Every structure is written in C-alpha cells, then in structure tokens.
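Notes for the structure review
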Amino acid sequence: MLSPLVLVLPLLGSLVLVAPGQAPARAGIVGGQEAPVGKWPWQVSLRVRSKYWIHNCGGSLIHPQWVLTAAHCFSRSVVDPMDYKVQLREQNLYYRDRLLAISRIILHPNYYSVEVGADIGLLKLQQPVNLSSHVQLIKLPPASETFPPGTPCWVTGWGDTSDGIDLLPPYPLKQVKVPIVDNGQCDAQYHMGSSTGDSVQIVKANMLCAGAFRKGPCQGDSGGALACKVNRTWLQAGVVSWGEGCAHPNRPGIYTRVTHFLDWIHQYVPQEP
C-alpha cells in the first residue's frame with residue numbers, strides 16, 4: 001500500500017524530558033548512522049500537542065522565521081498553530097527541548113494526498129531565531145537546478161529504523177546518503193508489482209526520487225530535507241513525502257521537488273537580499 005512516511009512516536013512515559021547552506025565542517029532513517037553533532041544545523045523536529053509534545057515530523061529552517069515541511073504532517077486542511085511547536089537543531093529528541101511557538105501554518109492549496117503531490121507546507125515561527133554555529137539555514141535551490149540522477153544527497157531524521165521498528169532512546173538524529181533516481185526510472189520501478197496501469201504516472205513532475213535498497217527515510221522522517229551539496233553549498237532538493245514501505249527494493253523514497261514550488265514558497269518567505 002502507498003502510504004505517507006509519517007508516524008507519531010509513542011508517549012515517553014517516565015522519560016525526563018553561518019551562511020545559508022553552509023554546514024559546519026564536522027565530521028530514523030533506514031541503513032544510516034547517527035549524525036555527527038552539529039552536522040545538519042537546519043534540522044527541525046515538528047511536535048504535536050499530546051500529554052507531551054510528541055515528535056510528529058521533520059522540517060528544515062529556510063529563513064530565521066520560516067520552516068519548510070510536508071503538508072501531510074497535518075491531519076486536516078485547517079489546523080491550529082497552538083497544537084504544534086518546533087524544536088530546532090537537537091541531537092537527541094526530548095533531552096534538551098526548547099520548543100518554539102508557531103504563529104501560522106500554510107499548506108499548499110493543491111495538496112489533497114501524497115500520491116497527487118503538492119505535499120509541502122510552511123510554518124511561521126512567532127519570533128525569528130538567532131542563527132549560530134548550531135542553528136543555520138539550508139539554502140533553497142535556484143529554479144534551474146535539476147539535481148541529475150546519481151547526485152549524492154543526504155536525508156536526516158528521527159524516524160523508524162525499519163518498517164514498524166521505532167528509533168530507540170536516546171533518540172539520536174540519523175543520516176543516510178542516497179542517490180537521486182531519474183523520475184522515469186523511479187516511475188517504472190513503482191509500476192513493478194503494482195496494479196496501477198503503465199499509462200498512469202505514479203511519480204509526477206512535482207516529485208523527486210532518491211534512495212536505494214535499505215537506504216532511505218521511514219515513518220517519522222516526513223517533512224525533512226533531502227540535502228544535496230552543489231558547488232560547496234547545501235541545497236534543499238526535496239521534502240520527505242512518501243514511499244511504499246521503507247527503503248524496499250525498487251521503491252526509492254519520493255520527495256516533493258522544491259524547485260517546482262519556489263514561486264509559492266516566496267509568496268510568503270522573504271528572499272535573500
């Protein structure tokens with residue numbers, strides 16, 4: 001079954017709670033490893049109100065007051081910002097929380113389901129954040145950037161480590177390197193063993209594929225950035241959206257293609273001077 005890559009983690013019981021695109025040079029994801037401290041300074045954890053503020057999705061800081069994430073991280077089109085908060089760059093979930101309030105949640109008007117596409121959303125923080133060595137922006141790509149097949153990129157998050165296998169305490173941020181997969185090849189792979197007719201496009205133009213067998217995102221990684229280094233600058237190529245299972249054979253991860261939505265993003269997010 002085709003399903004969004006999102007899952008609210010269980011309650012925690014007794015647990016105690018530089019320039020854009022330039023990550024510091026320091027050395028739930030399937031097939032990855034724990035990320036070095038400070039490696040991905042734009043990484044965001046989106047929290048939903050429950051008994052505790054529970055990790056729901058990932059996200060990326062693209063402006064001191066704006067976070068980019070996936071629309072499917074929200075269960076309905078009209079959502080209350082009071083029900084969500086944001087945690088900026090954190091190595092281990094829940095251990096040093098300093099949650100930030102959200103003033104506005106904007107979901108793309110064309111979003112209906114992950115299979116249709118436009119799975120993208122913006123979160124406006126109540127106050128802009130101060131950038132530092134630990135908190136940085138990821139740069140949006142120029143509209144002309146295509147991210148050709150084979151481009152090595154990285155995806156990060158606190159999601160499941162395999163289908164139905166939760167990330168365990170101390171909930172470390174994980175990373176995995178994934179290659180870009182050509183859309184046509186990816187679409188052909190998703191038709192393999194599927195009842196969807198060959199004439200029906202599964203991987204649409206506003207989507208991007210990346211991943212390999214046993215390497216890719218899983219439930220809980222949704223909304224996070226697919227980050228690709230181009231000319232020494234980290235660019236956000238995609239937003240973790242959906243897939244059939246987690247890093248299964250012939251099922252690369254499918255991402256929202258950021259270049260397709262730049263005009264929409266910049267309706268709200270100020271561009272760099």
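This text follows the structure it describes.
Below is a summary of the structure that appears in this document. Note that this is a predicted model, so its numbers are computed, not measured. (Residues numbered from 1 in each chain as written. Predicted model: local features only at pLDDT ≥ 70, side-chain atom pairs only at ≥ 80, totals over all residues. Heavy atoms only, no water.)

On to the overall build of the chain, then. Counting its regular elements, the chain contains two helices and 14 strands. Expressed as a percentage of the 273 residues in the chain, the buried residues total 56%. With an accessible surface of roughly 11900 Å², the chain has 53% of that area assigned to carbon and sulfur atoms. (Helix = DSSP H or I, 4+ residues; strand = E, 2+ residues; numbered from the N terminus. Buried < 20%, exposed > 50% of the residue type's maximum accessible area, 1.4 Å probe, protein only. Areas by Shrake-Rupley, 256 points an atom, 1.4 Å probe, with all protein chains shown as cover.)

Here strand β8 (residues 121-125) lies mainly inside the structure; four of its five residues are buried. Both strand β5 (residues 66-69) and β8 contribute to a ladder of four bridges, which runs antiparallel. Counterpart to V67 in the pairing with β8 is L123. Pairing of strand β7 (residues 100-107) with β8, which is carried by five bridges, proceeds in the antiparallel orientation. (Pairing = 2+ DSSP bridges.)

Tracing the backbone through its elements, the reader meets E90 in the loop between β6 (84-87) and β7. At 3.3 Å, the side chain of E90 forms a polar contact with the backbone nitrogen of D97. When residues no more than four places from it in sequence are discounted, the contact partners of E90 are R47, Y95, R96, D97, W158 and L173. (Polar contact = N/O pair within 3.5 Å; in protein donor to acceptor, adjacent residues only side chain to side chain. Contact = heavy atoms within 4.5 Å.)

We now examine the nonpolar core. Ranked by size, the top nonpolar core spans 53 residues in total, and within it L46, L61, I62, L68, F74, L122 and I265 carry the most contacts. Within the second largest apolar cluster, 15 residues are counted, among which are V176, A210, C228 and V230. (Core = buried A, V, L, I, M, F, W, Y, C linked by side-chain atoms within 4.5 Å.)

Now for the state of the cysteines. Here the structure, examined in full by the defined rule, presents three disulfides. A sulfur-sulfur separation of 2.1 Å characterises the disulfide bridge that pairs C57 with C73. Disulfide C57-C73: the torsion about the S-S bond is -100°, which places it as left-handed. Pair noted here: C57 is in strand β4 (residues 53-63) and C73 is in the loop between β5 and β6, with a separation of 16 residues, a long-range link. (Disulfide = S-S within 2.5 Å.)

On to helix α1 (residues 183-191), then. Turning to α1, its buried residues are N183, C186, D187, Q189, Y190 and H191. Capping of α1 at its N-terminal end is provided by D182; its side-chain oxygen lies 2.9 Å from the backbone amide nitrogen of G184. A positive phi of about 75° marks G193, the residue just after α1.

As a further point, take the sheet that holds β6. With antiparallel pairing, six strands are arranged side by side around a closed barrel as β3-β4-β5-β8-β7-β6. Averaged over all adjacent pairs, the angle separating strand axes in this sheet is 40°, with direction ignored. (Axes fitted to C-alpha atoms, helices over the stretch in contact; angles between N-to-C directions.)

Further remarks concern the environment of H55. Residue position: H55 is located in strand β4. The buried category is assigned to H55, whose relative accessible area is 0%. Sequence separation between H55 and W158 is 103 residues; the distance between their C-alpha atoms is 8.4 Å. Here the side chain of H55 touches S45 through a polar contact of 2.8 Å, side chain to side chain. Only 3.4 Å separates the side chain of H55 from the backbone oxygen of C57, close enough to count as a polar contact.

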